[in-house]
Every structure is written in structure tokens, then in C-alpha cells.
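Results of the structural survey
Residues per chain, in single letters:
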Amino acid sequence: MAQRLVNIVTEKLLTVEEAFSHIEPTQLAAFLQPIVEEELSKEPHGELMVKILRPFLPLVLSHVVANLQKEIEDILDLRSVVLEAFVRDKVVLVELFQKVKSKTSDLLSID
């Protein structure tokens, strides 16, 4: 059952390209910048690196996000992510299966 729903989600409802194409690179870069700065500051001379790199991080991170969007299918296996989520949260799996079954029944009874 889980595998069938994974196929439906990844083939009919959502592609990884579609999901990531909706991400605005500058917004994600702004979200990531404090995290990157925090991690950099943990390194030797990290505070100095952060001070030097801070003006460039928005542009660099935006380019990184844009490149990830172009190559996301090589980086992320959406099928595995969806399957793992379904296995981890069986309630979601059952609810989705019931919705798909209901919609399919509705479509078949329309003739």
C-alpha cells in the first residue's frame, strides 16, 4: 500500500522539480544565512570569517539554492523521502490512502 501511494505522490501529484521550483532562492538564502554564520563562528577564527563573509553570503547562498534547484533530482530521492515519511507516520499513510480510494470511487461512479 505504501509503495502504491508513493508512486501516486511522486508520479501524479508532485515532482521534486515542481516542489523545489517554488522555493525563492533569496528567501531560502536569508533563512540559511544565520545558520551558516553560526556554524562558521564555531571554527577557529570563525568570528573573523563571519565578519568578512557576511556581506557576500546572501549572494553566494542564493546561487547555491538556484543551482540546487537545477540539479535537485540528482541530489534528492523524492521517492525515498515520501516512503520514509509514510512509514514513519502511518496515520498520514492511511488518511491519504482513504482519500485516494474515495476520489477513485467517485470518478468510477460518474459514468
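Above this note sits the structure.
In this report, we go over the structure that sits alongside the text. Fair warning: this is a prediction, and the values are worked out from it, not measured in the lab.

The rules behind each value
- Residues numbered from 1 in each chain as written.
- Predicted model: local features only at pLDDT ≥ 70, side-chain atom pairs only at ≥ 80, totals over all residues.
- Heavy atoms only, no water.
- Axes fitted to C-alpha atoms, helices over the stretch in contact; angles between N-to-C directions.
- Helix = DSSP H or I, 4+ residues; strand = E, 2+ residues; numbered from the N terminus.
- Parallel < 35°, antiparallel > 145°, perpendicular 65-115°, else oblique.
- Left-handed = near helix turned anticlockwise from the far one by under 90°.
- Contact = heavy atoms within 4.5 Å.
- Nonpolar A, V, L, I, M, F, W, Y, C, P; charged D, E, K, R; others polar.
- Salt bridge = Lys/Arg side-chain N within 4 Å of Asp/Glu carboxyl O.
- Buried < 20%, exposed > 50% of the residue type's maximum accessible area, 1.4 Å probe, protein only.
- Patch = residues over 30% accessible without salt bridge, like charges linked within 9 Å, V, L, I, M, F, W, Y side chains within 5 Å.
- Areas by Shrake-Rupley, 256 points an atom, 1.4 Å probe, with all protein chains shown as cover.
- Expected span 1.5 Å × (residues − 1).
- Bend = angle between axes of the 7 residues up to and from the residue.

**Topic: the packing of helix α3 (residues 25-41) against helix α5 (residues 57-75)**
For the pair α3 and α5, interaxial distance at closest approach is 8 Å and the crossing angle is 120°. One way to sum up the angle between α3 and α5 is to call them oblique. Two packed elements cross with a definite hand, and for α3 against α5 that hand is right-handed. Contacts between α3 and α5 involve Pro25, Thr26, Leu28, Ala29, Leu32, Gln33, Val36 and Glu37 on the former and, on the latter, Leu57, Pro58, Leu61, Ser62, Val65, Ala66 and Gln69. Its residues placed into classes, the contact of α3 with α5 shows 10 nonpolar, 4 polar and 1 charged.

**Description of the pattern of salt bridges**
When the charged atoms of two side chains with opposite charge come close together, those side chains can pair. What the rule picks out here adds up to 2 salt bridges. Between Arg54 and Glu37 there is a salt bridge; the shortest N-O distance is 3.2 Å. Of this pair, Arg54 sits in the loop between α4 (46-53) and α5 while Glu37 is found in helix α3, placing the two residues 17 residues apart along the sequence. For Glu39, the salt bridge is made with Lys42, and the minimal N-O distance between the two is 3.0 Å. The class for Lys42 is exposed, based on a relative accessible area of 55%.

**Let's talk about the environment of Ile72**
The topology assignment puts Ile72 in helix α5. The sequence separation of Ile72 and Ser21 amounts to 51 residues, and the corresponding C-alpha distance is 9.7 Å. The contact partners of Ile72, leaving out residues within four places of it in the chain, are Val16, Glu17 and Phe20.

**Comments concerning a nonpolar patch on the surface**
Taken together, Leu48, Ile52, Leu53, Phe56, Val60, Val64, Leu68 and Ile75 make up a surface patch of nonpolar side chains, about 710 Å² in accessible area. Of all the secondary-structure elements, those providing two or more residues to the nonpolar patch are α4 and α5. If one sorts the elements of the nonpolar patch by residue count, α5 sits on top with 4 residues.

**Comments concerning unusual backbone geometry**
Although it is not a glycine, His45 adopts a positive phi angle of roughly 60°. Checked against the element boundaries, His45 lands in the loop between α3 and α4. Classification of His45 by relative accessible area gives exposed; the value is 65%.

**Details of α3**
Counted at 1.5 Å a residue, the expected span for α3 with its 17 residues is 24 Å, and the 23 Å between its end C-alpha atoms agrees. At Leu32, α3 is deflected by roughly 35°, the largest bend along its length, and proline Pro34 occurs up to four residues later in sequence. For α3, the set of buried residues is Pro25, Ala29, Gln33, Glu37 and Leu40. For α3, the secondary structure elements touched by its buried residues are α4 and α5.

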